[in-house]
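The lines below spell out each chain.
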Amino acid sequence: MTVHLRAYPEARLAAQPIGYWSDLTARLVLAAIRGELAEEGLTQPHWWTLNHVAGATADWERTALAAKLAPYATGHLPAVDFDRVFDDLRDRGWLAESADGGALVLTEAGEAGRQRARERLAAAHERIHDGIPAADRAAALDVLRRMVANLGGDADLPS
């Protein structure tokens, strides 16, 4: 269901405040993503944890994973207590810790929950990206990356 936009002259669009539009976009995108995750009783930090543990090529232990995820927990999130997130996932039976060193392991229930959340987020991403070709999304991202770099920020894609 593509939403149709009113057409405006390029000069009028170019004169719009990027801070307003980027902030509004961020708030609406985050609300859509968080709403879908909430259907599974998850927050973004839960989601990041599940994906990092599921995709691990090496063992994640609590301290290292919290340090890896901390940069994502800025801006539109309150301070994140990753130990609380890890404990919550463990208490649900979605995450376990190996007895020999505390490596975090996704359980069968955790993988099932992660897949349900992934399906919900895929639907949200389809809605968010409806009517926007991949080339336009890439161009928009490069514009934002250029602005970040112009302001002295790190414009590299996250690893």
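Residues numbered from 1 in each chain as written. Predicted model: local features only at pLDDT ≥ 70, side-chain atom pairs only at ≥ 80, totals over all residues. Heavy atoms only, no water.

Caption draft 1: Just the pattern of salt bridges, in detail. Across all of its chains, the model carries 13 salt bridges by this definition. Here R62 ties to D83 by a salt bridge, and the two come within 3.0 Å at their closest N and O atoms. Taken together, the positions of R62 in helix 4 (residues 62–69) and D83 in helix 5 (residues 82–92) put the pair 21 residues apart, joining distant regions of the chain. Looking at R62, the relative accessible area reads 15%, which means it is buried. A salt bridge links R62 to E97; the shortest N-O distance between them is 3.1 Å. One end of the pair, R62, is in helix 4; the other, E97, is in strand 2 (residues 95–97), with 35 residues separating them in the sequence. (Salt bridge = Lys/Arg side-chain N within 4 Å of Asp/Glu carboxyl O. Helix = DSSP H or I, 4+ residues; strand = E, 2+ residues; numbered from the N terminus. Buried < 20%, exposed > 50% of the residue type's maximum accessible area, 1.4 Å probe, protein only.)

Caption draft 2: A look at the packing of helix 2 (residues 18–38) against helix 6 (residues 108–129). The geometry of helix 2 relative to helix 6 is characterised by a closest axis approach of 9 Å and an angle of 155° between their N-to-C directions. On the basis of the axis angle, helix 2 is roughly antiparallel to helix 6. Taken as a pair, helix 2 and helix 6 cross one another with a handedness that is right-handed. Here V29, A32, I33, E36 and L37 of helix 2 lie close against helix 6, whose contacting residues are A117, R120, L121, A124, H125, R127 and I128. (Axes fitted to C-alpha atoms, helices over the stretch in contact; angles between N-to-C directions. Parallel < 35°, antiparallel > 145°, perpendicular 65-115°, else oblique. Left-handed = near helix turned anticlockwise from the far one by under 90°. Contact = heavy atoms within 4.5 Å.)

Caption draft 3: Spatial organisation of the side chain of E40. Here E40 is to be found in the loop between helix 2 and helix 3 (44–54). A distance of 2.9 Å separates polar atoms of two side chains, one belonging to E40 and the other to R116. Apart from the residues lying within four places of it in its own chain, the contact partners of E40 are R92, W94, R116, A117 and R120. (Polar contact = N/O pair within 3.5 Å; in protein donor to acceptor, adjacent residues only side chain to side chain.)

Note that every value here comes from positions in space, so none of it alone points to a role or purpose.
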